[in-house]
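Inside the fold
Next come the chains, spelled out residue by residue.
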Amino acid sequence: MRHFVKFLQALLVLESETCSVSAKFGRERLGEVNWKAALISSLAGSDQNLARHLEGNVVRSNSQITQCLKAAAEERGVTAQQLKSEGIEEF
């Protein structure tokens, strides 16, 4: 059940981001809107604060995305060592 709830929360973020970005760009860039919303929701999961921080960074560069994720981890007190112990390696 817990995984289903997380799935629904991620779906909500995806739909929210799609609507938000679509309203900004209009329908002529729908492919970019869908790509951006999918990327944000896959990175942020159910964390809407992280989704808002990523919104302006996902269309820039990989380094901008990485910096944004690193800043979010630091704000939450998550260290690189904790991430490595969970199986998340640096890239």
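Residues numbered from 1 in each chain as written. Predicted model: local features only at pLDDT ≥ 70, side-chain atom pairs only at ≥ 80, totals over all residues. Heavy atoms only, no water.

Here we look at the overall build of the protein
Regarding its fold elements, the protein presents 5 helices and 0 strands. The linear arrangement of helices and strands in the protein, starting from the amino end, is α-α-α-α-α. Every one of the 91 residues in the protein was classed for burial, and the buried ones make up 23%. For the protein, long-range pairs separated by at least 24 residues make up 40% of all intrachain contacts whose partners lie at least 6 apart in sequence. In the structure as shown, the protein presents an accessible area of about 6,500 Å², 56% of it carried by carbon and sulfur atoms. (Helix = DSSP H or I, 4+ residues; strand = E, 2+ residues; numbered from the N terminus. Buried < 20%, exposed > 50% of the residue type's maximum accessible area, 1.4 Å probe, protein only. Contact = heavy atoms within 4.5 Å. Areas by Shrake-Rupley, 256 points an atom, 1.4 Å probe, with all protein chains shown as cover.)

Side note on the environment of Cys19
When you line up the elements, Cys19 lands in helix H1 (residues 2–25). Given a relative accessible area of 52%, Cys19 falls into the exposed group.

A word on the environment of Gln67
Tracing the backbone shows Gln67 in helix H4 (residues 62–75). Taking the relative accessible area as the measure of exposure, Gln67 reaches 51% and is therefore exposed. Expressed as a C-alpha distance, the spacing of Gln67 and Asn57, which sit 10 residues apart in the sequence, is 9.1 Å.

Quick word on the packing of helix H3 (residues 48–55) against H4
Where H3 contacts H4, the two axes come as close as 10 Å, and the packing angle between them is 150 degrees. Considered as vectors, H3 and H4 are oriented roughly antiparallel to each other. As H3 packs across H4, the resulting crossing turns out to be right-handed. For the pair H3 and H4, the contacting residues are Leu50, His53 and Leu54 in the first and Ile65, Cys68, Leu69, Ala72 and Glu75 in the second. (Axes fitted to C-alpha atoms, helices over the stretch in contact; angles between N-to-C directions. Parallel < 35°, antiparallel > 145°, perpendicular 65-115°, else oblique. Left-handed = near helix turned anticlockwise from the far one by under 90°.)

Concerning H4
If you check H4, its first and last C-alpha atoms are 20 Å apart, about what 14 residues at 1.5 Å a residue would give, namely 20 Å. Those residues of H4 that sit buried are Ile65, Cys68, Ala72 and Ala73. All buried residues of H4 lie within an arc of 135 degrees about the axis, which places them on one face of the element. H4 presents Gln67, Lys70 and Glu74 as exposed residues on the side facing more than 90 degrees away from its buried surface. Gly77, located one to two residues past H4, shows a positive phi value of around 80 degrees. (Expected span 1.5 Å × (residues − 1). Arc of directions from axis to C-beta.)

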